[in-house]
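Residues per chain are reported as follows:
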Amino acid sequence: DIIVLATVILFDCWTITTTTSMAARFEVFDGLYEPFLDIQLEINRGIVWAMTKMEELSGHVTSEFELISWQALYLYFLIQIITVALTWVLIHAIFNYLWPNFSKINPAHKKWYVVANFSKAFFLGMQCFSPTWFVYSLYQYQCTPNPLLSSLGLPTFPECDYHSHPRQPLIAKWAASTYVVTDVLALFMVPKLPVTTVYHHVATSIFLLFVFHTTLEETQIGRKIYLYGFWSTFSFMVNAFLALRVLYEKRDSDRKPFPLRVFAGLSSIVYVVCCLGNWSLHLIWVADGIGNGIWEYSDYLGNCIYLALLVVLVKDDLVLMKWLIQYTFNLVAVNGKPSKIKKKQ
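Note that the coordinates shown come from a computational prediction; the quantities given were computed from them, not determined experimentally. Every chain begins its residue count from 1, and numbering advances along the sequence as written. Only residues with pLDDT of 70 or above have their local features reported here, since the model is predicted, and side-chain atom pairs are shown and tallied only from 80 upward, although totals for entire chains, interfaces and linings are computed over all residues. Side-chain measures here rest on the full set of heavy atoms in the structure, leaving out hydrogens and waters.

A. View of the overall build of the protein chain. A helix here means a DSSP run of H or I that spans at least four residues, while a strand means a run of E at least two residues long, and both kinds are numbered starting from the N terminus. Of the regular secondary structure elements, the protein chain holds 13 helices and zero strands. The secondary structure elements of the protein chain, listed N-terminal to C-terminal, are α-α-α-α-α-α-α-α-α-α-α-α-α. Taken over 345 residues, the protein chain has a buried fraction of 50%. Residue pairs at least 24 apart in sequence account for 73% of intrachain contacts in the protein chain once pairs closer than 6 positions are excluded. Total accessible area computed for the protein chain in this model is approximately 17300 Å², and 68% of it derives from carbon and sulfur atoms. Burial classification: accessible surface area is computed with a 1.4 Å probe over protein chains only, and a residue below 20% of its type maximum counts as buried, one above 50% as exposed, and the rest as partly exposed. The contact criterion used throughout is that any non-hydrogen atoms of two residues lie within 4.5 Å. Shrake-Rupley sampling with a 1.4 Å probe provides the accessible areas, and residues are treated as covered by the protein chains on show and by no other component.

Encoded structure:
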């Protein structure tokens, strides 16, 4: 997780310090990844073919590289939900039979919490280390209003052009669907989720509906949703930690295992960086839109609704961030309440 974040930061530093133009440097970067893209896009071609077939079933046929219809996206997402749900049931059974720590989890409903978090960590991690996701996310990033470089007054990416990368809309919607599928399933399969987590999952589900029904080039909100998802994907380490601490935390002791505290500390660092990246760029977008008159009157209603839903995500982020920091310093008891352990212990 940290390696992926470092790669993004180093790429930004590379483009800033070089005398070569940003456009030329981005072309070099694209060229370096081209062999990996060719291999992985062949794998993804099966997904593209399946989605195209679904599109034909929906009665709306276009080229496989054009924006796919919302009917086909819904069908694709439904197949994702069914497949992942069955996989969760299978993993639950296997873990319960082969993994003693898992079978001993008490209360038993937390087993689904572990499966859900492992699943989300896997899906997000898979995307982070996917050359296709990484490169197309950079393409998407250059199309996002107020990206980091332009916000700092530094050389920016080449001008955004969706037609230069025709696969981008399809890959972006596929990535969004993969990100949200575990959130939707958790609402139905994981008992007793915290209220803030429920609100978070509902908000991401609403965002996915919006993404399915919009085109990237037509709305700032759609591009901002992808920006939030881009940063949030890097925090897959957090979900892995949430699962592992249920498995290896001693239920009869307030003292947290040292390896888990180290893992919590690393996770909190990554999470803080991701959240600050998200929040700062959104604040710049709002300040630029209102202060510099970039937003038109017709933009205000939609943007305000989006920001209101975003507050739900931010609130959940803050709760989790605080909890991770407290866990790192052994300030959280097993039951989730502040620990009364003295420092000398």
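From this point, the discussion proceeds with the structure in view.
B. Geometry of the side chain of S119. Note that S119 resides in helix 5 (residues 110-128). A relative accessible area of 10% places S119 in the buried class. Beyond its immediate sequence surroundings of up to four residues, S119 is in contact with V84, W88 and T182.

C. Expanded view of empty space enclosed by the protein. Think of a 1 Å grid over the protein atoms and nothing else: a 1.4 Å probe that fits but is trapped marks a cavity, an open set flanked by protein within 12 Å on at least five of seven lines marks a pocket, and residues with an atom within 4 Å of a point count as lining. Grid points are joined across faces, edges and corners, and a volume is the space filled by probe spheres set on the points. If you walk through the whole model with that rule in mind, you get three cavities of 30 Å³ or more. A volume near 410 Å³ is recorded for the largest cavity. For the largest cavity, the lining is made up of 28 residues, of which A176, I225, Y226, G229 and F230 are closest to its centre. Mapped onto the lining of the largest cavity, the elements with two or more residues apiece are helix 6 (131-142), helix 8 (168-189), helix 9 (195-212), helix 10 (220-233) and helix 13 (297-328). No other element matches helix 10, which puts seven residues into the lining of the largest cavity. Along the lines of polarity and charge, the residues of the lining of the largest cavity split into 20 nonpolar, eight polar and no charged. Polarity classes work like this: nonpolar for Ala, Val, Leu, Ile, Met, Phe, Trp, Tyr, Cys and Pro, charged for Asp, Glu, Lys and Arg, and polar for all others, with Gly in that last group.

D. Expanded view of the packing of helix 3 (residues 70-98) against helix 9. At their nearest, the axes of helix 3 and helix 9 sit 9 Å apart, and the two run at 140° to each other. Of the residues in helix 9, those touching helix 3 at W70, L73, Y74 and F77 are L208, L209 and F212. Residues belonging to the contact of helix 3 with helix 9 are distributed by class as follows: seven nonpolar, no polar and no charged. Note on method: axes are straight lines fitted to C-alpha atoms, helices fitted across the in-contact stretch only, with angles between N-to-C directions ranging 0 to 180 degrees.

E. Representation of the packing of helix 12 (residues 258-291) against helix 13. Where helix 12 contacts helix 13, the two axes come as close as 9 Å, and the packing angle between them is 160°. One finds that helix 12 runs roughly antiparallel with respect to helix 13. Remark: the crossing between helix 12 and helix 13 carries left-handed chirality. Tallied by class, residues from the contact of helix 12 with helix 13 come to 20 nonpolar, seven polar and two charged. Roughly parallel here means an angle under 35 degrees, roughly antiparallel means over 145, roughly perpendicular means 65 to 115, and every remaining angle is called oblique. Two helices that cross are described as forming a left-handed crossing if the nearer one is turned anticlockwise from the farther one by less than a right angle, and a right-handed crossing if clockwise.

F. Inspection of the pattern of salt bridges at higher detail. By definition here, a salt bridge exists when the distance from a side-chain nitrogen of Lys or Arg to a carboxyl oxygen of Asp or Glu is within 4 Å. Using the criterion set out here, one finds two salt bridges in the structure. The salt bridge partner of K120 is D183, with a shortest N-O separation of 2.8 Å. In this pair, K120 sits in helix 5 while D183 sits in helix 8, placing the two residues 63 residues apart along the sequence. Residue classification places K120 among the buried residues on the basis of a relative accessible area of 8%. Among the salt bridges present, the one from R245 reaches E249, with a minimum N-O distance of 3.8 Å. By relative accessible area, which is 12% here, R245 ends up buried. For E249, a relative accessible area of 7% puts it in the buried group.

G. Region of the structure containing the state of the cysteines. Note on terminology: pairs of cysteine sulfur atoms within 2.5 Å are recorded as disulfides. Applying the stated criterion across every chain yields a total of zero disulfides. Of all cysteine sulfurs in the structure, the one in C275 sits closest to C274, which takes part in no disulfide; the separation is 6.9 Å. We classify C274 as buried; its relative accessible area is 3%.

H. View of a nonpolar patch on the surface. The residues that make up patches have over 30% relative accessible area and no salt bridge, and they are joined within 9 Å when like-charged or within 5 Å when they are Val, Leu, Ile, Met, Phe, Trp or Tyr. Residues F258, V262, L266, I269 and V273 make up a contiguous nonpolar surface patch of roughly 440 Å² in combined accessible area. Topologically, V273 is positioned in helix 12.

I. The nonpolar core, seen in detail. Judged by nonpolar contacts, the single largest core of 70 residues is most densely connected at W88, V190 and F241. In terms of residues, this core owes the most to one element, helix 12, which gives ten residues. For F241, the residues in contact, after removing those within four places along its chain, are L260, F263, A264, S267, W323, L324 and Y327. Note on terminology: a nonpolar core comprises buried Ala, Val, Leu, Ile, Met, Phe, Trp, Tyr and Cys residues joined through side-chain atoms within 4.5 Å. Of all hydrophobic cores here, the second largest spans six residues; its members include Y76, V135, Y139 and W174.

J. The packing of aromatic side chains, seen in detail. Ring pairs are drawn from Phe, Tyr and Trp, using the six-membered ring of Trp, whenever the two centres fall within 6.5 Å, and their geometry is named by plane angle: stacked under 30 degrees, edge-to-face over 60, tilted for the rest. Counted according to the given criterion, the structure contains 16 aromatic pairs. Note on F95 and F118: the rings are 6.4 Å apart at their centroids and 85° apart in plane angle, and the pair reads as edge-to-face. Taken as a pair, F95 in helix 3 and F118 in helix 5 lie far apart in primary sequence, 23 residues in all. Classification of F95 by relative accessible area gives partly exposed; the value is 22%. Residues F230 and W231 carry aromatic rings whose centres are separated by 6.3 Å and whose planes lie at 80° to one another, so their mutual orientation is edge-to-face. In textbook terms, an aromatic cluster arises when at least three aromatic residues are bridged by ring pairs, as seen for F95, W99, F102, F118 and Y248. The side chain of K110 reaches across the aromatic face of Y113, ending 5.3 Å from its centre. Both a distance and an angle decide whether a charge sits over a ring: NZ of Lys or CZ of Arg must be within 6 Å of the ring centre and within 35 degrees of the ring normal. Across the ring face of Y327, the terminal group of K256 is positioned such that the distance to the ring centre comes to 5.7 Å.

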